[in-house]
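# Breakdown of the fold
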Amino acid sequence: MKSLILKSLAVVLLATGASCSKDALREYDKKQQLDAVESVNDPFLLSSVIKQTSLFYQGFGYDNSKLPSAVQYMQRNFQGGDNTYSGFKQPSDDLYAALNILKLIDGSIRLTQERGSKSHEGIFTTFRVLLFSYITDFYGDIYYTEALKGREGILYPNYDHQSDIYDHLLVELDNANALIAAGTDPLSNTYDLMFAGDKVKWQKFTNSLKLRLLMRASAKIPDAGAKMAAILANPAVTPIFTEADDNASISYIGSTKDDSWKGGTLNWVDYSEYDRRRPCKTLVDKLASLNDPRMKVWIAPIEQPWTSNKAQDGQSFTTTDPNGFTYSSTWEFIDRSKSEIAAQSANILDSNKVYAGFIAGMPGDYKNGNGHYNTTDGGVVGNFKVSKYAQLFRQNSHPLLKAMVMQSDEVEFILAEAAVKGMISGDADTYYRKGIEYSLKRWGVSSEDITTYLSQSSIALPADNAGKLAKIADQKWLGLFFVSTEAYLDVRRTHLPDMFNNGNLSTYEFPSRYRYPGAELGQNRDAYDAGVSALSPAVDNEYSKMWLLQ
């Protein structure tokens, strides 16, 4: 089988230090695009596109700590610059990683058009929209209509305005839905890693993705509500995710590094990287305040929790989480007569608790986390006073570990928000509660525990719309746990949950975008300058506002 992965963009070579002239590199890029996918069967192409796109998306959820730290799912307790958004200060080459997958997708679309494989063409188009929306959502104006046109001699593509890109993406999704429905080509239940050959579920994903984009751009698209209502009005033609298992995600196999969860033992042989990623206090406190059963699924008990009860000092206990992983903990009395404990008194924020997280914006110094003082035994990244993530996230594969792109609970929360804002008809509370139910089910919570959780007064939506939106945002944020790309874009759009002054973050500004890759400045300067001019202010930094945010 021919290689499915196309050669890297010339600009990527530039970014990694190639010394060729820009014209030579652009001609090289053109040649490589002529060597795109040629005669591989549709099923092989489908499996490759699904895998590459899903792993790309999930890579920003946990492995790369920039986004999960920004939305306070995670904090680093060693080299913790991501805790204060420092990763946004550097130009981002994620654009090129996305474009490399888009090369494969565009080559696949050309082949399906030649073969008349409409269903496959529609699916590839949906992934095309997903990746181009990722690019424009993070950068702003970027090339779209002239992207990947090396075959046609376009070596210096112009940028499209973000508003135009969004218009085109929405049309592409309409076309994708129609193509999937009209296609007579069968989908392989073996190579369709996401929906096992179910065309209706591919339509559901396509139309659900359109709901996501409409909500994201709802402040800029006057008829966004009408477009959403039109989708909902005709479920036979434009079905969406409505069931708990309507999820655009794939499972990890766990046999090699490439097909395993990034935090597992095949990718991280020792525990250092796992130990360096800790749950944020924002997340742990929210779960605790709601008596949320996902706490025990996601978070491990503290190894040496603080107690104010001297009688508990030195007492050990074991905890077994819902997935069968066992943890040992030993209480330690807050004895301020000991100088080393007295010196940490101001940092002891969580006592008499089994779960605790690092405060948001914590410097990359594990010693200050919840009064941890035993640095001799703690090692370089150790901290016995703050929870780790559950052992679930140390596995190579597990039924609950997925490379997640879009889940059914996200759709319900989108509809709940739209209903509160009057964009669509329907009961916001029904959508909201269904979203919570679906998220809990996805993490293995029992029906009985779901019923108990939903019956709490703390879950009920208040009477005022602002309160409703805040509650919906809280649960959507929890539902997007480790789907950090979407969590970031949602927090950026809504400013909910209100996390911007948590912990040590009061002096830091929340970033609005990625900086363009350095190769764009050096090799595609005219387009780059036009893209920067559309920002407000017209400066290529992480604080300038793109069209979506202006």
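Residues numbered from 1 in each chain as written. Predicted model: local features only at pLDDT ≥ 70, side-chain atom pairs only at ≥ 80, totals over all residues. Heavy atoms only, no water.

### Structural notes on the overall build of the protein
Summing up its helical and strand segments, the protein has 21 helices and eight strands in all. Taking 550 residues into account, the globule formula puts the C-alpha radius of gyration at 24 Å, and the protein, at 24 Å, falls close to it. Once the C-alpha set of the protein is aligned to its principal axes, its extents read approximately 75 × 55 × 45 Å. Considering only residue pairs separated by 6 or more positions, the protein has 73% of its internal contacts joining residues 24 or more positions apart. With 57 positive and 65 negative side-chain charges, the protein shows a spacing of 2 Å between the two charge centroids. (Helix = DSSP H or I, 4+ residues; strand = E, 2+ residues; numbered from the N terminus. Rg over C-alpha atoms; globule rule 2.2 N^0.38 Å. Contact = heavy atoms within 4.5 Å. Lys, Arg positive; Asp, Glu negative; His and termini not counted. Charge placed at Lys NZ, Arg CZ, Asp CG, Glu CD.)

### A closer look at empty space enclosed by the protein
Applying the stated criterion across every chain yields a total of three cavities of 30 Å³ or more. Considered as a void within the structure, the second largest cavity measures approximately 50 Å³ in volume. Taken together, Ala473, Lys476, Trp477, Leu480, Ala487, Asp490, Val491 and Leu496 make up the lining of the second largest cavity. Within the residue set of the lining of the second largest cavity, elements represented by two or more residues are helix H18 (465-479) and helix H19 (484-494). Here the residues of the lining of the second largest cavity are counted per class, giving six nonpolar, no polar and two charged. (1 Å grid on protein atoms, 1.4 Å probe; cavity = no way out; pocket = protein on both sides within 12 Å on 5 of 7 lines; lining within 4 Å. Points joined across faces, edges and corners; volume = space filled by probe spheres on them. Nonpolar A, V, L, I, M, F, W, Y, C, P; charged D, E, K, R; others polar.)

### Here we look at helix H15 (residues 408-420)
Here H15 contains 13 residues, and its C-alpha end-to-end distance of 19 Å stays within 8% of the 18 Å for a straight helix at 1.5 Å per residue. In terms of burial, H15 is a largely internal element, 13 of the 13 residues being buried. Where H15 terminates, the next one or two residues include Gly422, which has phi positive at roughly 75°. (Expected span 1.5 Å × (residues − 1). Buried < 20%, exposed > 50% of the residue type's maximum accessible area, 1.4 Å probe, protein only.)

### Some remarks on the packing of aromatic side chains
As enumerated under the stated definition, the model contains 49 aromatic pairs in all. Where Tyr139 meets Tyr514, the ring centres are 5.8 Å apart and the plane angle is 75°; that geometry is what we call edge-to-face. Remark: Tyr514 occurs in the loop between H19 and helix H20 (518-523) and Tyr139 occurs in helix H6 (residues 118-139); sequence separation between them is 375 residues. Neither residue differs from the other here; Tyr139 and Tyr514 are each classed as buried. An angle of 85° between the planes, with centres 5.3 Å apart, marks the rings of Phe393 and Phe482 as edge-to-face. Of this pair, Phe393 sits in the loop between helix H14 (375-378) and strand S8 (402-406) while Phe482 sits in the loop between H18 and H19; the two residues are 89 residues apart in sequence, bridging distant segments of the chain. In this structure Phe482 comes out as buried when scored by relative accessible area, which is 1%. Taking the ring centre of Tyr514 as reference, the NZ or CZ of Lys66 above it sits at 4.2 Å. In this structure, Arg394 packs its charged tip against the face of Tyr271, placed 4.4 Å from the ring centre. (Phe/Tyr/Trp six-rings, centres within 6.5 Å; stacked < 30°, edge-to-face > 60°. Lys NZ or Arg CZ within 6 Å of the ring centre and 35° of its normal.)

### Observations regarding unusual backbone geometry
Glycine aside, residues mostly have negative phi, and peptide bonds are mostly found in the trans state. A cis amide bond links Leu496 with the next residue in sequence, Pro497, at an omega value of -5°. Following the sequence through the fold, Pro497 ends up in the loop between H19 and H20. With omega at -5°, the peptide bond leading from Ser536 into Pro537 counts as cis. The topology assignment puts Pro537 in the segment after helix H21 (525-533). Of note, the phi angle at Gln72 is positive, near 65°, even though the residue is not glycine. Positionally, Gln72 belongs in the loop between helix H4 (66-70) and strand S1 (74-76). Backbone geometry places His495, a non-glycine residue, at a positive phi of 60°. Mapped onto the elements, His495 comes out in the loop between H19 and H20.

### Some points on the pattern of salt bridges
The tally for this structure, following the rule as stated, stands at 34 salt bridges. Between Glu486 and Arg216 there is a salt bridge, with the nearest N and O atoms lying 2.4 Å from each other. Within this pair, whereas Glu486 is found in helix H19, its partner Arg216 is found in helix H8 (residues 199-216), the two being separated by 270 residues in sequence. The pair formed by Glu486 and Arg216 is uniform in burial state, with each residue classed as buried. Between Glu437 and Lys441 there is a salt bridge; the shortest N-O distance is 3.0 Å. (Salt bridge = Lys/Arg side-chain N within 4 Å of Asp/Glu carboxyl O.)

### Things to note about the confidence of the model for the protein
Averaged over the protein, the pLDDT score is 92; the fraction of residues at 70 or greater is 91%. Confidence drops under a pLDDT of 50 for residues 1-22, and excluding neighbours within four residues, the segment shows 46 contacts in the predicted structure. Counting interchain partners and residues more than four positions distant, the pLDDT-below-50 stretch residues 28-37 has 23 contacts. (pLDDT = per-residue confidence, 0-100.)

### Considering the environment of Ser397
Within the fold, Ser397 resides in the loop between H14 and S8. As a C-alpha pair, Ser397 and Ser119 span 278 residues in sequence and 30 Å in three-dimensional space. Setting aside residues no more than four positions away along its own chain, Ser397 makes contact with Tyr252, Ile253 and Gly254. One polar contact links the side chain of Ser397 to the main-chain carbonyl oxygen of Ile253, over a distance of 3.5 Å. (Polar contact = N/O pair within 3.5 Å; in protein donor to acceptor, adjacent residues only side chain to side chain.)

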